[in-house]
Amino acid sequence: MPLLLNIPTSKPNCGSVWVAFVLFGLSALNTQAKIVLTVPQQVRLSANFSTQQLTISWFGGEATTFDFNILRTEFNETVFYNTAPAVVNQDGGWYQWNWTSVEPLECTSLSVKIRSRDGITKSEWSEPQILEGRDLPSNRGHQMYPQDRVVPVGANTTFCCIVEEGQEFRDLLYGSTKMNVKRLSRRSYATTAVNQNLSGTTGTNVFCRFKDLNKLAGSVVFVGYPPRPTNFECITHDLTSAVCYWDRGRDTNLYGRRKTIYSINKRDFPVGKCVLPQWDGNWTLVAVNSLGQYSLTYSAELLHRVVPVAPDKLADTTHAWNATVQWQWPYNSYSTLALVCQVRLVSRNILLRNVSGVGLRSVFLPHLHPNTKYSVRVRCGSQNHFFKWGNWSKEFYFTTRSYAPEAPDVWTWMNRDNTVRVMWKPLTHWQSHGVLTGYEVTLWNLEENEKQTSNLSPKDNSLNLTHWASITGDKKAIATVKATNANGMSQPSSIMLGVIDDKSAPLAQTSYTSSGFTLSWQHNDNRTCSYLVEWCEAVCTPDCAVDWIRLDAGSTHVSIKDSIVKFQPGVRYNFSLYECPSTSPVLIRRWQGYIQELPQFTSVNLEINQQDCDVVLSWEEIPLAGRRGFLLGYKVYVKNNSNFTLLADLSPEIRTYTVKDLPTSTYEFIVRAYASAGEDTVSTATIRLKQCADGLILEILAALGIVTLLLTIVSCFCYKKRRWVKKAFYPDIPEPKLPGDWSRTQGPLDVKPFPHSMVHIIEKPERDFSKDTLVIIPEEEDYDGEGIGDEPVDTDEPQLLRYYNQVVDERPIRPRFPDSSVSSSSSIDSANTDVTYTGIQTSHSSLVFPSESQGFSEGFQPLSLSSGDRGEGYHPQMHSVALGGNLASPEPIVQPHHVGSGGYKPQNSWLLDSPSEGAENSPAPSLGSPTSVASTQFLLPDGERHEEKRQQPSAAASWFTNLLSSAKP
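Residues numbered from 1 in each chain as written. Predicted model: local features only at pLDDT ≥ 70, side-chain atom pairs only at ≥ 80, totals over all residues. Heavy atoms only, no water.

### Considering the overall build of the protein
Worth spelling out the cut-off: By the criteria applied, helices consist of DSSP H or I runs no shorter than four residues and strands consist of E runs no shorter than two, each listed in order from the N terminus. The cut-offs for exposure are 20% and 50% of the maximum accessible area for each residue type, with area from a 1.4 Å probe on protein chains only; residues under the lower value are buried, those over the upper are exposed, and the others partly exposed. Contact between two residues is taken to exist if any of their heavy atoms lie within 4.5 Å; hydrogens are not considered. Per-residue and other accessible areas were derived by the Shrake-Rupley procedure at a 1.4 Å probe size, with only the shown protein chains allowed to occlude residues.
When you go through the protein residue by residue, the secondary structure sums to eight helices and 58 strands. Going through the 969 residues of the protein one by one, you find that 39% of them count as buried. Counting contacts in the protein only where the partners sit at least 6 residues apart, residues at least 24 apart contribute 66% of the total. Here the protein has roughly 55,900 Å² of accessible surface; of this, 52% comes from carbon and sulfur atoms.

Next up, the structure:
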C-alpha cells in the first residue's frame, strides 16, 4: 500500500471503479465460455484385419488435435496413448484417424476412447468403444493369428494364440524355435519373430501347443522379397514383330498364388519373354506380387534392334587343304540386309573367322589339314547397326581329304653297349595326312657311295644298325627316313651318324616341378645352330623309350613333361642337350633327375670279417637300377639290445668301414643307404668276435710293463735309500781295528815271536783230544802225507800255527788270494785250516817257542791256550774229532800270565769251552784272534756258524745283497 500513501487525499470516484470490475469479470466469463471443448460424439471403429489397421471416426469437437487411448479390454492395459491430429471431412464434419496395431486385431478385444485437446485445454473422454476380439467366450475353439501372412525379409511379425476353453497353454514355436510369449488376455498369448529370414518354398510354420498334446493350433508365414526385374529390352528377328526380354532379377521366394505377375503395355505375360506382333517403339514392364510392384520402360527404333536368327541347313564342299560351308535363312527379308557372320572352326584348337556381305549365305575356310575332321558353327548380326550377335547354328561336321604325310622327326641314339639306333617319332594323325602304309629307311655311306634300304611297318619307329656295322663303323654315313600312305611318300628326313662323346659334357642334377623338369643353359652367341634335348631312363635297355624335342637357335631353357617316356616316381632319367643335331650333333650338357625320390633302395650286400680285434664291414656299390633317388651316403649302425647306435655317416664313394678295438662278444651291424627321401631297407650282418692274439700279447706286455715299472720304482727307491736299507736289513759286521800299519799284502799271517817273548810252561796237563788245539808244525810238514808244495821253506821264518778243524765242512773253501804261496791247502777230505799269528805282543808275557836247534826232536808240543778244564785259551768254533795218530802227544802248556793292557785286544772275546769255565776264570784275557788263510773275516764261534748257516740268504736274493754291499763307503 505504499503507492496509496503518495496519492493526495481526495474524495474517491466509486462509480468508475465498480464499472471497471464489472467489465473485467464479464470479459473473463466470455473467454472461459469460448475455450470449453466438446466431447467427440458418435465414435465408430472399423478394422482391416489383413493389414491390422484400425480406423476411428467421430463427429463433433472443434479441436485440431485429439487424445487417443486404446486399451486391452479384459485386462484394462493401455496399448496406445498419444495425441495426434485428425482429418476432418468438410462435407459431413466427420473426423477420421487410422492406427496400425503390432498385434493382430483378432487376438483380444480393444477399448477406444477419444477426447478433444487445444493446448492444455481438453475435453472429457468419449464413451469407450470396443473392438471385439476372437477370444470371447462365445468363440470356444483354439485359433492362431495371423494366417498365411506374407512379409518381407527382415520384418518383425507378432503371432498370437487363442487357447480353447478348458485347455491350458504350453508353448509357442516359430519353426523349431521355442519363443517367449506374452499373455494378452485370459485365453490369448502372443510372441514376436524379429528380423525374419527367408522362409522355405512352402513357408515357415508357427505352432501353438497345449497341455493336451492331441490338439494343436498353427499358422504359416511366407517371408520373401518384392519383385525387381532388370535388363528389359525389345528386339526384332523378322524386321516386323517385336520380341521383349527381361530378367526376373532377385528371386522373390514367393510361389503359387503369391508369385510375381508381369505385364507389358497392360498385357499379362507369365514368363520372361513376350512376342508382340507389331513394333511399337515404346514398352512398359510392370511386375507385381504380395509385397509390392516394380515397373520398367524401353524405347528403340526397328533397324537398330535387328538380331538375325541362327543359320539353318548347313552343307560343305571339302578339299585336302580347304573347304566351303553353306547355309540358308528362314526370312526373305534377310536377302537385302547387310550381315556380318562369325564362323567357329574346331579341330585341334578353336578358330574364329568373320565374314560379311548382303544376304550372306556361305563362307570359305582355307589353311585346313588333310584327312582332318572339323566342326563348324555360324552366327550373324546386322552390319550397319550392329546390336548383338544372333544365336549359333547347330554344330556341323566335315572331313578334309587325305594327302601325302609329313616328313618324320629323325634322331640317332647310342646305348651303353654301343648299340646304334635310328629313331623317328611316330607320325600323329594330324601329321600322317591319311592312313600310313609304312616307313622306308635308307643308309648311305658317303665315302664308298654305298646304300642300303629297309622297309618297315607303320608300327615301327626305330631301326637297329648293329648288323650294318660295315657301312656305319668309323665312316661317315647318313640315315634317311620316309613315311608313306595311299597318297604318296613324305619328304625325306636325314641325320648324320657318328659316335658322340658323352663323357666330356658336364653333368648336373635337376628337379621336377609342376611345370615339369626345368632345364636351362647359356647360349653361345657365336653359334647359330638349333638345339635338341633328349631324355630317357638312366637304365635304358636296347628297346627302351627315348624322346626328344627340337628347340630354335638362341633358346636357353625348356620344361619337359610326360611324352613318349612316361615319368615314374623312383626312376632316374637322363637329359642330354645337343647342339646342331641335324648336321653334326655335339653333346654340350647333361642332367639327371627324379620326378620323385623314394627311400626304397636295393639292400647292400654286406660282408663282415674280423681282422685281429677289428671288424671290417664292406659292401658293393648299389647298382643304378636299384636306386630310387640320389645316393647321399651310407649310415652304419650297431645294434644294442633293441636300439641302434649310429657309428658312421659315410660318403657314397666309401663302401668299407672298420670298427676298431671291440671286446670279444656278438655284434650285429646294419648298413643303410640313404637319399633325400630317407633311408632304405636294412642290411644286417652278425659276427662273433674271437679272442685276438694282439690283445693277449698286449695284455701280457702290459702286465710285464707294470711289473717292470714297479720293480724299477722299488729298485730306484732302494738305491736312493741303500744306506738305510743296508743298515736296517744287512748291517756291517765289525772288522778288527788294529793299531799300526796293517796295510801289508794279504797272505798267511806269520807269527814271529820277538826275542824277548817267551812262554813259561807252568803246568802240562794231559791233552784232551776232544778239544780243538793249535799245534805248531813246520811249514813244510804235510798233513796225512800230502805236502803243501815242493818249494823250499825258510826256517828262519816263524812257525805256523796250523788249525785243525775237527768237523769236515762240505762247502769248498775259496781262497781269497789264490796266488798266495803260503796259503793252506784245503780239501773236503782234510778239512784243516792253516792259521798264523802275526806280531801279537803282550806286555806281561809272551809265548815261548823252542829254538831252532831244538827242533822237533826235543819233543816240542803243540801250543794250547787252555789250562786244565778251565779252557781259558782259544777254542775252535766247532767241536772236532780226535786228531790223527801222526800228531805227537800233547805236552802240558804253561798257563800264561794274565795279559796286560798293552798287548793285542780282540774286539770280541772268544767263547769258552763251557759257561762254567768262563765263569770260573772270566778275567782271563784272550790271546788273539785266529784268521783263516782263505778269509779275512773272523771265524765265528760254533753256535754262530750254525745260525749263520740257517740264515744264509737264497741265491735269488744274492744280487740284492751284492747291490747293498756295493753301498759300503
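### Focus: the side chain of Ser185
Quick note on the threshold: Here a polar contact is taken to be a pair of N or O atoms separated by no more than 3.5 Å, where protein atoms must pair a possible hydrogen donor with a possible acceptor and residues adjacent in sequence count only if both atoms sit in side chains.
With respect to the helices, strands and loops of the structure, Ser185 is situated in the loop between strand 15 (182-183) and strand 16 (188-193). Polar contacts involving the side chain of Ser185 include one to the side chain of Asp135, which spans 2.7 Å. Once residues lying within four places of it in the same chain are set aside, the contact partners of Ser185 are Glu74, Phe75, Thr108 and Asp135.

### Quick look at the state of the cysteines
Going by this rule: Pairs of cysteine sulfur atoms within 2.5 Å are what we label disulfides.
Throughout the structure, instances matching the rule amount to six disulfides. With its sulfur 1.9 Å from that of its partner, Cys107 forms a disulfide with Cys160. Here the S-S torsion is close to -95°, and the disulfide linking Cys107 with Cys160 is therefore left-handed. One end of the pair, Cys107, is in the loop between strand 6 (94-100) and strand 7 (110-118); the other, Cys160, is in strand 12 (residues 157-162), with 53 residues separating them in the sequence. Look at Cys107 and you get buried, because its relative accessible area is 1%. Each disulfide pairs two cysteine sulfurs, and for Cys341 the partner residue is Cys380, the sulfurs being separated by 1.9 Å. Since a negative S-S torsion denotes a left-handed disulfide, the Cys341-Cys380 link at about 100° is right-handed. Separated by 39 residues along the polypeptide, Cys341 in strand 28 (residues 338-346) and Cys380 in strand 31 (residues 373-382) bring together distant segments of the chain. Judged on exposure class, the residue Cys341 and its partner Cys380 are both buried. No disulfide involves Cys274; its sulfur sits 4.4 Å from that of Cys244, the nearest cysteine.

### So, the sheet that holds strand 16
For clarity, the cut-off: By this definition, two strands are paired if DSSP reports at least two bridges between them.
Strand order in the open sheet formed by four strands is 10-12-16-15, with antiparallel pairing between adjacent strands. A single partner strand is all that each edge strand has here, and the edge strands are strand 10 (143-145) and strand 15. Of the pairings in the sheet, the one linking strand 15 to strand 16 comprises two bridges and is antiparallel in character. Residue pairing in the sheet places Lys182 in a bridge with Ala190 of strand 16.

### Focus on unusual backbone geometry
The omega torsion of the bond from Tyr145 to Pro146 falls at -5°, within 30 degrees of zero and hence cis. Its place among the elements puts Pro146 in the loop between strand 10 and strand 11 (149-152). Non-glycine residue Gln52 carries a positive phi angle of around 60°. By the element assignment, Gln52 lies in the loop between strand 1 (41-48) and strand 2 (53-59).

### Observations concerning the packing of aromatic side chains
Stated precisely, the cut-off is as follows: Stacked, edge-to-face and tilted are the three classes for Phe, Tyr and Trp ring pairs, Trp counted by its six-membered ring, which pair at centre distances within 6.5 Å; planes under 30 degrees apart are stacked, over 60 edge-to-face, the rest tilted.
A full pass over the atoms with the stated rule returns 33 aromatic pairs. With a centroid separation of 5.1 Å and an interplanar angle of 65°, the aromatic rings of Phe66 and Tyr95 are classed as edge-to-face. Placement of the pair is Phe66 in strand 3 (residues 65-72) and Tyr95 in strand 6, with a sequence separation of 29 residues. Given the relative accessible area of 0%, Phe66 is considered buried. Judged by its relative accessible area of 12%, Tyr95 falls in the buried class. Judged by centre distance (6.2 Å) and plane angle (75°), the ring pair of Phe232 and Tyr298 falls under edge-to-face. Note that Phe232 is positioned in strand 19 (residues 230-235) and Tyr298 in strand 25 (residues 292-299), a separation of 66 residues in sequence. Judged by relative accessible area, which is 8%, Phe232 ranks as buried.

### Considering the sheet that holds strand 20 (residues 242-247)
Just so we agree on the cut-off: Think of each axis as a best-fit line through the C-alpha atoms, taken over the contacting stretch in the case of a helix, with angles from 0 to 180 degrees between the N-to-C directions.
Sheet architecture is open: three strands sit in the order 19-20-23, paired in antiparallel fashion. Unpaired on one side and paired on the other, strand 19 and strand 23 (273-276) mark the two borders of the sheet. Sheet twist, expressed as the mean angle between neighbouring strand axes with direction ignored, is 15°. Both strand 20 and strand 23 contribute to a ladder of four bridges, which runs antiparallel.

### What about the pattern of salt bridges?
For the record, the criterion: Salt bridge criterion: a side-chain nitrogen from Lys or Arg within 4 Å of a carboxyl oxygen from Asp or Glu.
Per the stated rule, a full pass over the model turns up 17 salt bridges. The salt bridge involving Arg186 is made with Glu165; its shortest N-O contact spans 2.8 Å. Of this pair, Arg186 sits in the loop between strand 15 and strand 16 while Glu165 sits in the loop between strand 12 and strand 13 (169-174), placing them 21 residues apart in sequence. A salt bridge links Lys388 to Glu233; the shortest N-O distance between them is 2.9 Å. A residue pair is termed long-range when its members are at least 10 positions apart, and Lys388 in the loop between strand 31 and strand 32 (396-399) and Glu233 in strand 19 qualify at 155 residues. For Lys388, a relative accessible area of 32% corresponds to the partly exposed category. Exposure remark for Glu233: the relative accessible area of 18% places this residue in the buried category.

### Re the confidence of the model for the protein
We apply this condition: A residue's pLDDT is the predictor's confidence in that residue, given on a scale from 0 to 100.
When the pLDDT values of the protein are averaged, the result is 76; 70% of them are 70 or greater. This stretch, residues 1-14, has a pLDDT under 50; its non-local contacts, to residues over four places away or in other chains, come to zero contacts. Scored below 50 in pLDDT, residues 771-956 shows 317 contacts in the model against residues more than four places distant or in partner chains.

### As for the nonpolar core
Spelled out, the test is: Joining through side-chain atoms within 4.5 Å is the link that ties buried Ala, Val, Leu, Ile, Met, Phe, Trp, Tyr and Cys residues into a set, and such a set is a nonpolar core.
By size, the foremost hydrophobic cluster in this structure holds 29 residues, and its most contacted members are Val422, Trp424, Tyr439 and Leu497. Looking at this core, the elements with two or more residues in it are strand 33 (410-414), strand 34 (420-424), strand 35 (436-445), strand 38 (477-485), strand 40 (493-497), strand 43 (531-537) and strand 44 (546-551).

### Re the environment of Leu617
You can see Leu617 is positioned in strand 49 (residues 614-619). A relative accessible area of 0% means that Leu617 is categorised as buried. With residues near it in sequence (within four places) discarded, Leu617 still touches Leu606, Glu607, Ile608, Val636, Arg655, Thr656, Tyr657 and Phe669.

### With respect to the pairing of strand 49
A regular strand places its side chains so that they alternate between the two faces of the sheet. Within strand 49, five of the six residues are buried, which leaves the element mostly enclosed by the surrounding structure. Bridge count for strand 48 (residues 606-611) against strand 49 is six bridges, and the pairing is antiparallel. If you follow Gln610 over to strand 49, its bridge partner there is Val615. Relative to strand 52 (residues 656-659), strand 49 runs antiparallel, the two sharing four bridges.

### Comments concerning the pairing of strand 12
A large share of strand 12 lies buried, amounting to six of its six residues. Of the two faces of strand 12, both are covered, the one formed by Thr157, Phe159 and Cys161 as well as the one formed by Thr158, Cys160 and Ile162. Sheet analysis places strand 10 next to strand 12, joined by three bridges and oriented antiparallel. Bridge pairing links Tyr145 to Cys160 in strand 12. Pairing between strand 12 and strand 16: six bridges, direction antiparallel. Paired with Cys160 across the two strands is Ala190, which belongs to strand 16.

### Quick look at the environment of Ser515
Positionally, Ser515 belongs in the loop between strand 41 (507-513) and strand 42 (516-520). For the pair Ser515 and Val558, spaced 43 residues apart in the sequence, the C-alpha separation amounts to 9.9 Å. Residues contacting Ser515, with those up to four places away along its chain left out, are Ser559 and Lys561. A distance of 3.1 Å separates a polar atom in the side chain of Ser515 from a polar atom in the side chain of Thr513.

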